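Architecture and fold: a report
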Amino acid sequence: GADAVRWRAAHRGRSARRAHPAARRWRATSQGGGWKEWDDELVLDCHKKESGKSYDSVYGRMNWNEVSPTLTTQCTGYGNGRFGHPEQDRAISLREAAILQSFPKKYHFIDSKDDFKPSIIEKHIGNAVPPRLGFVIAKSIKQHLQNHGN
């Protein structure tokens, strides 16, 4: 039903058709790499200008052996940072972003009765203090209060 459609939409990444220029850019990007390693005909005009050359983290692909980049409110877009999947020719999915932020795998960002809006979920993920980090900080504060009083 509708819940299954929402679940699939939240868990899949968006890939480009193989002949599309975006697909050629994906294939030209190595793990941990980005647009600066592309052949000149693949580089977007905005990055050929002096003002665009400093944006070296956009159109980047993650690397399995490195820490993930800081996730932002646009973390499922390939052109928004180093959010390319390390191996697959696509940006990371909403669920992959949530897992990187340490949300439980079965965490629901929206009520099943609400409209599915990926941009809203992406903002929740990008703006979040990672739940695991919040837990560790809270545990540390609790221990400090127990050891040193109020």
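Quick look at the structure, then. Source: prediction; values computed, not measured.

Considerations on the overall build of the protein
Along its length, the protein carries six helices and zero strands. Here the protein, with 150 residues, has 31% of them falling under the buried criterion. In the protein, the share of contacts with a sequence separation of at least 24, taken over all contacts with a separation of at least 6, comes to 52%. Total accessible area computed for the protein in this model is approximately 10000 Å², and 52% of it derives from carbon and sulfur atoms.

Observations regarding helix α6 (residues 131–148)
Under the 1.5 Å per step criterion, the end-to-end length of α6 is 26 Å for 18 residues, consistent within 8% with the ideal 26 Å. Gly149 sits one or two residues past α6 and shows a positive phi near 75 degrees.

Topic: the pattern of salt bridges
Applying the stated rule across the entire model yields three salt bridges. Put simply, Glu96 and Arg90 hold a salt bridge, and the shortest N to O gap is 2.8 Å. Taking relative accessible area as the criterion, Glu96 reaches 24% and is therefore assigned partly exposed. Salt-bridge contacts for Lys113 lead to Asp111; the nearest nitrogen and oxygen are separated by 3.8 Å. In this structure Lys113 comes out as exposed when scored by relative accessible area, which is 70%. According to the relative accessible area criterion, Asp111 is partly exposed, its value standing at 37%.

Quick word on the packing of aromatic side chains
Each pair of aromatic rings is reported with the distance of its centres and the angle of its planes. Enumeration over the complete set of coordinates arrives at six aromatic pairs. Aromatic pair Tyr107 and Phe109: ring centres 4.8 Å apart, planes at 70 degrees, arrangement edge-to-face. On the basis of relative accessible area, Phe109 is assigned to the buried category, the value being 18%. Three or more aromatic residues joined by ring pairs make a cluster, and in this case those are Trp26, Trp38, Tyr59 and Tyr78.

What about the nonpolar core?
Counting twelve residues, the largest nonpolar core is built from Met62, Leu71, Cys75, Phe83, Ile92, Leu94, Ala97, Ala98, Phe103, Phe109, Ile121 and Ile125. Listed by contribution, the elements that provide at least two residues to this core are α4 (94–100) and α5 (118–127). The element best represented in this core is α4, accounting for three residues. In contact with Ala98, not counting residues within four places along its chain, are Phe103, Phe109 and Ile125.

Structural notes on the environment of Leu94
Here Leu94 is to be found in helix α4. Take Leu94: its relative accessible area is 7%, and that puts it in the buried class. Once the C-alpha coordinates of Leu94 and Glu122 are considered, the two residues, 28 residues apart in sequence, prove to be 6.6 Å apart.

Examining α5
Those residues of α5 not exposed but buried are Ile121, Glu122, Ile125 and Gly126. In a view along the axis of α5, the buried residues occupy a sector of 130 degrees, so they form one face of it.

With respect to unusual backbone geometry
The backbone of Tyr59 shows a phi angle near 55 degrees, a positive value even though the residue is not glycine. Relative to the assigned elements, Tyr59 resides in the loop between α3 (45–48) and α4. Here Tyr59 falls in the buried class, since its relative accessible area comes to 19%. Notably, Ser102 is not glycine yet its phi reads approximately 80 degrees, a positive angle. Mapped onto the elements, Ser102 comes out in the loop between α4 and α5. Judged by relative accessible area, which is 27%, Ser102 ranks as partly exposed.

What counts and how
Residues numbered from 1 in each chain as written. Predicted model: local features only at pLDDT ≥ 70, side-chain atom pairs only at ≥ 80, totals over all residues. Heavy atoms only, no water. Helix = DSSP H or I, 4+ residues; strand = E, 2+ residues; numbered from the N terminus. Buried < 20%, exposed > 50% of the residue type's maximum accessible area, 1.4 Å probe, protein only. Contact = heavy atoms within 4.5 Å. Areas by Shrake-Rupley, 256 points an atom, 1.4 Å probe, with all protein chains shown as cover. Expected span 1.5 Å × (residues − 1). Salt bridge = Lys/Arg side-chain N within 4 Å of Asp/Glu carboxyl O. Phe/Tyr/Trp six-rings, centres within 6.5 Å; stacked < 30°, edge-to-face > 60°. Core = buried A, V, L, I, M, F, W, Y, C linked by side-chain atoms within 4.5 Å. Arc of directions from axis to C-beta.

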